[in-house]
Amino acid sequence: MKKIYFGTNLKMYKNIQQTVDYLKTLANETAELDRKRYELFVIPSYTALPGATESISQEQVILGAQNMAWEEEGQFTGEVSPKMLEELGINLVMIGHSERRHIFHETDDEENKKVICGVKNGFIVLLCIGETDKDKMDGVSNEVLRSQLIRGLKGIKKEDAGKIWIAYEPVWAIGVNGKPASEEYANAKHKVIRECLLEIFGNYGEDVPILYGGSVNPQNANSLIVQPYIDGLFVGRSAWNAKEFAQLIFNTI
Ligand code: PEP
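As the structure is a prediction and not an experimental result, all values here were calculated from the model. (Residues numbered from 1 in each chain as written. Predicted model: local features only at pLDDT ≥ 70, side-chain atom pairs only at ≥ 80, totals over all residues.)

## Section: the site of the ligand
As a matter of local geometry, the ligand sits amid 13 residues, with Ile174, Gly213, Ser215, Gly236 and Arg237 nearest to it. Looking at the shell around the ligand residue by residue, the classes come out as four nonpolar, seven polar and two charged. (Near = placed C-beta within 6 Å. Nonpolar A, V, L, I, M, F, W, Y, C, P; charged D, E, K, R; others polar.)

## Comments concerning the pairing of strand 4 (residues 92-95)
Burial along strand 4 is two-sided: the face carrying Leu92 and Met94 and the face carrying Val93 and Ile95 are both buried. Strand direction decides the pairing type here: strand 3 (residues 62-65) and strand 4, joined by two bridges, are parallel. Residue Ala65 lies in a different strand from strand 4, and its bridge partner there is Val93. Handedness of the β-α-β unit built from strand 3, helix 3 (residues 82-87) and strand 4 comes out right-handed. Both strand 4 and strand 5 (residues 124-129) contribute to a ladder of four bridges, which runs parallel. The residue bridging Ile95 from the neighbouring strand is Leu127, located in strand 5. (Buried ≥ 20, exposed ≤ 12 C-beta atoms within 10 Å, placed from the backbone. Helix = DSSP H or I, 4+ residues; strand = E, 2+ residues; numbered from the N terminus. Pairing = 2+ DSSP bridges. Right-handed = clockwise from strand over helix to strand, strands pointing away.)

## Considerations on the environment of Pro218
Inspection of the secondary structure assignment puts Pro218 in the loop between strand 7 (210-213) and helix 9 (221-225). Judged by the 14 C-beta atoms lying within 10 Å of it, Pro218 is partly exposed. For Pro218 and Lys158, which are 60 residues apart along the polypeptide, the C-alpha to C-alpha distance reads 36 Å.

## Concerning the confidence of the model for the protein
Overall, the prediction assigns the protein a mean pLDDT of 97, with 100% of residues at 70 or greater. In the predicted complex, the global pTM is 0.97; the interface-specific ipTM is 0.97. (pLDDT = per-residue confidence, 0-100.)

## Overview of the environment of Val144
Inspection of the secondary structure puts Val144 in helix 7 (residues 141-152). Taking the C-alpha atoms as reference points, Val144 and Pro218, 74 residues apart in sequence, are found 29 Å from one another. The contact partners of Val144, leaving out residues within four places of it in the chain, are Glu131 and Asp135. (Contact = placed C-beta atoms within 7 Å.)

## Structural notes on helix 5 (residues 108-120)
The periodicity of an α-helix, 3.6 residues per turn, causes residues three or four positions apart to be oriented the same way. Spanning 13 residues, helix 5 covers 18 Å between terminal C-alpha atoms, matching the ideal 18 Å at 1.5 Å per step. As for helix 5, its buried residues are in contact with helix 3, strand 4, strand 5 and helix 7. Phi turns positive, to about 85 degrees, at Gly122, one or two residues after helix 5. (Expected span 1.5 Å × (residues − 1).)

## Examining the packing of helix 1 (residues 16-29) against helix 10 (residues 242-252)
Their axes nearest at 8 Å, the elements helix 1 and helix 10 cross at an angle of 30 degrees. Considered as vectors, helix 1 and helix 10 are oriented roughly parallel to each other. By crossing handedness, the relation of helix 1 to helix 10 is classed as right-handed. Contacts between helix 1 and helix 10 involve Tyr22, Thr25, Leu26 and Glu29 from the former and Ala242, Lys243, Phe245 and Ala246 from the latter. Split into classes, the residues belonging to the contact of helix 1 with helix 10 amount to five nonpolar, one polar and two charged. (Axes fitted to C-alpha atoms, helices over the stretch in contact; angles between N-to-C directions. Parallel < 35°, antiparallel > 145°, perpendicular 65-115°, else oblique. Left-handed = near helix turned anticlockwise from the far one by under 90°.)

## Looking at the sheet that holds strand 8 (residues 232-235)
Reading around the barrel, the eight strands line up as 1-2-3-4-5-6-7-8 and close back on themselves, with parallel pairing between neighbours. Taken over all neighbouring pairs, the strand axes of this sheet differ in orientation by 25 degrees on average, direction set aside. One ladder, built from three bridges, connects strand 6 (residues 164-168) with strand 7; its direction is parallel. Considered in strand 7, the bridge of Tyr168 is made with Tyr212.

## As for the nonpolar core
Core analysis: the largest hydrophobic core is formed by 71 residues, its most contacted members being Ile166 and Leu233. With six residues, helix 8 (residues 183-201) is the single largest residue contributor to this core. Those residues in contact with Ile166 that lie beyond four places of it in its chain are Leu127, Ile129, Ile193, Val208, Ile210 and Leu211. (Core = buried A, V, L, I, M, F, W, Y, C linked by C-beta atoms within 7 Å.)

## Side note on helix 10
Of all the positions in helix 10, only Ala242, Phe245, Ala246, Leu248 and Ile249 are classed as buried. Projection of helix 10 onto a plane perpendicular to its axis shows the buried side chains occupying an angular sector of 155 degrees, all on one side. Opposite its buried face, helix 10 presents the exposed residues Lys243, Phe250 and Asn251, each directed more than 90 degrees away. Its buried side turned inward, helix 10 meets strand 1 (4-9), helix 1, helix 9 and strand 8. (Arc of directions from axis to C-beta.)

Written out as structure tokens, the structure reads:
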């Protein structure tokens, strides 16, 4: 049976103590969740990661980093290397979140270097992709998604497909001004993504979970998760209260 994924990115919210409190509450509230069937992950800020790893077991909640350098060390002021994350006990890294791409102008080629470095260093890499509102209006969403995948995953061997997770997050659906994608729309895009992964990785493309993100909330979570091509939910605002996130999960499964 395929696993179902639930996760959140805490962005630049929550200090160390707030993150620790959040994680402890989430771990308690989800104690009954069968971890063999459901994968639960949280991506706190860098500064909260040491406190986070000490406060809970990653058998309860997997912890990830919001970004990572594409080199292991060197003259890269302000960057955090895979070795530094590994030292903290982190082995999940998110690459290419919409805010990295659109506020910090990261390119597919840069995301690709990070993906390669992440896989080489044994991380699970959560690669985020998604079309803008303009792409959608121009009718090029599928091409954009395919291009982000093909360029972002260039050079990754099919045997390493199991180390890749994809988050499909349409840019127009994310954040306070976003509108969630309908379940039909999201499912159709997940199908495009799955077909592209099969082209890239052959049958190994089936090993890559595809999560939907963008204004997931307690009202739409269930209708999204039952879609055949949706393997999990990547939740923002609706997950930042640990009790509410746990409730969303239990009401969804
Ligand atoms: C996000 O920013 O990745 C996200 C999914 O946020 P939200 O759920 O708040 O739209």
